[in-house]
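Structural description and commentary
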Amino acid sequence: MIVAPNLDFPWLTHGFGLRDSEPPAGLTTVRQIHSALVLDACGRKGEQIGEGDAIVSAEAGVTIGIRTADCVPILLADPVRRVVACAHAGWRGTAANIVGSTIQEMLQHGSLAADLCVAIGPSIGSCCYEVGQEVAQQFGREAGFLDLKAINEIQALEAGVRKIWKSEECTFCRPKRFFSFRREKEQAGRMLSFVSRVV
Ligand SMILES: [Zn+2]
């Protein structure tokens, strides 16, 4: 399990799962559809709460999580209001600015962007993520190598967040550590990343 230094708070637990990590019990998840839909987990403990790709929770004792294999897992926390969130950002979610939508939902819960801490976990890196014209043009670029983590970081900055941590690891480059959809195709498992407000 990878932990982000900027989410090291006594009231919170979190982790970016590796391929052999055991997911936490009683997890609240969504059916992921590569959208920018953000769901509120309020009062919805321990279940799949619907279709979407990000979850916000302000309730103690609720563990929210998302699954990835090359897509970017993002965990967010507001240490002032004790609001947490997680998001799954593939190229479609990134093109739709899911991290911006997730931050907006946290602001609806009373958070201030300046207080938010955003952790961008391991995903396929720009070393390995070659895309064709169809995907590249979503980001105003030519076909070539795309850095999804960097684009999500810029989107978080544009939303007013300054406390950002970003993993430098590539899921495709490190088969013993990570699942990779591009490398393992339909055989690829999923890594579970989670965050929970404990108290
Ligand atoms: Zn790589």
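In case you missed it, the structure is sitting above this.
So, a few notes on the structure that sits alongside this text.

Most of strand β1 (residues 12-16) is tucked away: 4 of the 5 residues are buried. Relative to strand β13 (residues 191-197), β1 runs antiparallel, the two sharing 5 bridges. Residue pairing for β13: Gly 15 is matched across the bridge by Phe 194.

Turning our attention to the coordination of the zinc ion. Each angle at a metal carrying four tetrahedral donors should ideally be 109.5 degrees, and each at a metal carrying six octahedral donors should ideally be 90 or 180 degrees. With distances of 2.2 to 2.3 Å, the protein atoms coordinating the zinc ion are Cys 127 (SG), Cys 128 (SG), Cys 170 (SG) and Cys 173 (SG). Every donor counted, the 4 donor atoms about the zinc ion form angles of 104 to 113° at the centre, which fits tetrahedral coordination. Taken in sequence order, the residues that donate to the zinc ion follow the motif C-C-x41-C-x2-C. Of this pair, Cys 127 sits in the loop between β9 (117-120) and β10 (130-131) while Cys 170 sits in the loop between β12 (163-166) and α5 (181-184); the two residues are 43 residues apart in sequence, bridging distant segments of the chain. We classify Cys 170 as buried; its relative accessible area is 5%.

Turning our attention to the packing of aromatic side chains. One pass over the structure, following the stated rule, counts 2 aromatic pairs. Centroid distance Phe 9 to Trp 11: 5.7 Å. Interplanar angle 20°. Geometry classified as stacked.

Once that is clear, we can look at the side chain of His 14. Within the secondary structure layout, His 14 lies in strand β1. Taking relative accessible area as the criterion, His 14 reaches 11% and is therefore assigned buried. Polar side-chain contacts of His 14 include one of 2.8 Å to the backbone nitrogen of Ala 4. In contact with His 14, other than residues within four places in its own chain, are Val 3, Ala 4, Leu 7, Leu 75, Phe 194 and Val 195.

Turning to the sheet that holds strand β2 (residues 27-31), a few remarks are in order. With mixed pairing, the 5 strands of this open sheet are ordered in space as β1-β13-β6-β2-β4. A single partner strand is all that each edge strand has here, and the edge strands are β1 and β4 (48-51). The average undirected angle you get between the axes of adjacent strands in this sheet is 25°. Pairing geometry for strand β6 (residues 63-68) and β13, over 6 bridges, is antiparallel. When the bridges of β13 are listed, Ile 66 appears paired with Ser 193.

All right, on to the side chain of Thr 63 then. Inspection of the secondary structure puts Thr 63 in strand β6. Polar contacts involving the side chain of Thr 63 include one to the side chain of Ser 196, which spans 3.2 Å. Excluding anything up to four places from it in sequence, Thr 63 contacts Pro 24, Gly 26, Leu 27, Thr 28, Phe 194, Val 195 and Ser 196.

Rules and cut-offs
Residues numbered from 1 in each chain as written. Predicted model: local features only at pLDDT ≥ 70, side-chain atom pairs only at ≥ 80, totals over all residues. Heavy atoms only, no water. Buried < 20%, exposed > 50% of the residue type's maximum accessible area, 1.4 Å probe, protein only. Helix = DSSP H or I, 4+ residues; strand = E, 2+ residues; numbered from the N terminus. Pairing = 2+ DSSP bridges. Donors = N, O, S within 2.8 Å, 3.2 Å for Na, K, Ca; no water. Tetrahedral: all angles 85-135°; square planar, octahedral: opposite > 155°, others 65-115°. Phe/Tyr/Trp six-rings, centres within 6.5 Å; stacked < 30°, edge-to-face > 60°. Polar contact = N/O pair within 3.5 Å; in protein donor to acceptor, adjacent residues only side chain to side chain. Contact = heavy atoms within 4.5 Å. Axes fitted to C-alpha atoms, helices over the stretch in contact; angles between N-to-C directions.

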